[in-house]
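# Breakdown of the fold
Each chain, letter by letter, is given below.
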Amino acid sequence: MNQGAQCNSLMILIPAYNEEASVAEVVRSVRRMLPEAPVMVIDDGSIDSTAQAARNAGAEVLRLPHHLGLGGAVQTGYRFAFEHGFACVVRLDSDGQHNPADIPTLLDKLSTDSFDMVTGSRFLQNNGYQAQRLRRFGGWLFSLLLYPILGKRIADPTSGFAAVNRRALEVFSRSFPLEYPEIEALVVLQRKKLRFCEVPVKMFPRRAGRSTIGSLQAIYYMIRVLLGVLANILKFERRFHIRRR
Amino acid sequence: MERARIAAAVFSSLLIAEIIRSVRREHIRVEYSMAWLGAAILLLALCLSDSALAAVGRLIGVSDAPTILMVLAGILFLFTFLRYSILVSSLKDHNIQLAQKVGMLEWEIERLNKELTNRKDATRPPAAGAGGAGA
């Protein structure tokens with residue numbers, strides 16, 4: 001793929017926490033797909049050999065001094081990309097659920113239709129892995145709740161497979177939710193009047209390890225995210241300016 | 001004086017003593033002791049002053065002195081807790097920013113070290129005998 005035509009400088013961002021069993025294969029598959037794009041793995045204070053595995057597979061590794069949580073790790077990557085002048089970033093999970101072959105689709109949409117963020121949705125077309133019933137219900141519920149806030153239907157609001165441009169990078173490098181960030185991130189973009197959309201992608205079951213959200217935690221997750229969304233709607237706007245196109 | 005008021009006065013005095021002790025030993029920074037100290041002094045003052053306690057009782061619509069003290073202690077506790085939740089949140093934000101900065105700086109140091117090693121390797125003269133010229 002000629003990513004240069006779509007994005008002047010692209011960085012692949014992979015947040016990872018104790019994913020030594022899967023991160024290397026994810027890095028390799030991304031590098032096979034996009035050999036020229038730097039792959040940055042943010043090691044979120046892993047206690048296993050995630051960093052070494054990623055490095056051996058050819059990724060740059062930025063190690064955080066202690067565990068910050070998914071949002072903190074992703075924001076580190078966004079801040080890094082913004083400070084180093086990258087034009088866009090594609091974020092994918094380190095558990096192998098996201099298919100690097102879908103990255104060009106995300107980037108195409110990002111550049112051709114002037115969106116600031118494009119996320120990959122597993123629910124727009126029912127192909128590939130479809131997650132557990134509880135998670136699908138959660139996704140559907142959030143999609144319903146977010147509709148009046150975002151003004152449009154987002155089929156897969158919990159998707160962590162996303163491409164962002166420099167304007168979104170600027171916003172996220174300053175304000176990004178710490179826990180379960182995907183849904184709140186949409187509200188953050190909406191508040192800043194940035195444009196986002198979804199494209200259909202194929203997802204796989206995770207290669208190894210367990211999800212950070214168990215059945216019991218799902219309840220905490222839902223309450224936490226709802227509060228986060230509410231807080232974002234009511235948030236006091238600190239003064240900083242986004243460069244207009 | 002009722003037993004409940006005496007108990008509250010003793011508790012407030014002990015709290016004040018403990019806060020002062022902690023500040024002296026630098027277990028609590030002065031700025032973080034202020035809210036607790038203020039709450040404890042206020043509680044003690046109300047325990048000792050009948051008129052102040054009655055005035056507060058009229059304000060919140062309670063006539064029983066121990067109940068007034070309980071309600072007031074609860075309110076003060078909640079406000080102090082809220083203040084510290086705000087402080088902890090702010091500290092967490094700073095902590096995250098610092099951790100991110102440390103991670104980025106470490107990456108930068110590693111990159112510079114690699115670059116330096118590569119440069120040294122490139123400028124190092126070839127070892128004696130290398131090149132196979134033969135004696």
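Residues numbered from 1 in each chain as written. Chains lettered and ligands numbered in written order. Predicted model: local features only at pLDDT ≥ 70, side-chain atom pairs only at ≥ 80, totals over all residues. Heavy atoms only, no water.

### Thoughts on helix α3 (residues 50-60) of chain B
Residues and elements named next belong to chain B. Buried within α3 we find Leu53, Val56 and Gly57. For α3, the buried positions fall inside an angular range of 105° around the axis, keeping them on one side. Those residues of α3 that are exposed and aimed more than 90 degrees away from the buried face are Ser51, Arg58 and Leu59. Turning to α3, the residues buried within the fold contact α1 (3-24), α2 (30-48) and α4 (65-123). Count one or two residues on from α3 and you reach Gly61, which has phi positive near 75°. (Buried < 20%, exposed > 50% of the residue type's maximum accessible area, 1.4 Å probe, protein only. Helix = DSSP H or I, 4+ residues; strand = E, 2+ residues; numbered from the N terminus. Arc of directions from axis to C-beta. Contact = heavy atoms within 4.5 Å.)

### As for the side chain of Ser143 of chain A
All names here are of chain A. Among the structural elements, Ser143 can be located in helix α6 (residues 133-150). A relative accessible area of 3% means that Ser143 is categorised as buried. Looking at Ser143, its side chain comes within polar contact range of the main-chain oxygen of Ile154, at 2.8 Å. (Polar contact = N/O pair within 3.5 Å; in protein donor to acceptor, adjacent residues only side chain to side chain.)

### Quick look at the nonpolar core
Counting 44 residues, the largest nonpolar core has Tyr78 and Phe172 of chain A as the members making the most contacts within it. Among the nonpolar cores identified, the runner-up in size contains 34 residues, and Val26, Val90, Phe115 and Ala163 of chain A belong to it. (Core = buried A, V, L, I, M, F, W, Y, C linked by side-chain atoms within 4.5 Å.)

### What about the packing of aromatic side chains?
All names here are of chain A. Considering all chains together, one arrives at 10 aromatic pairs over all chains under this definition. Look at Phe142 and Tyr221: their rings are 5.9 Å apart centre to centre, the planes differ by 85°, and that puts the pair in the edge-to-face class. With Phe142 in helix α6 and Tyr221 in helix α9 (residues 217-234), this pair connects stretches of sequence that are 79 residues apart. A relative accessible area of 2% places Phe142 in the buried class. Between the aromatic rings of Tyr180 and Tyr221, the centroid separation amounts to 4.7 Å while the plane-to-plane angle is 75°, which identifies the pairing as edge-to-face. In this pair, Tyr180 is assigned in the loop between α7 (166-174) and α8 (181-191) and Tyr221 in helix α9, connecting sequence segments 41 residues apart. In this structure, Arg195 packs its charged tip against the face of Phe115, placed 4.3 Å from the ring centre. (Phe/Tyr/Trp six-rings, centres within 6.5 Å; stacked < 30°, edge-to-face > 60°. Lys NZ or Arg CZ within 6 Å of the ring centre and 35° of its normal.)

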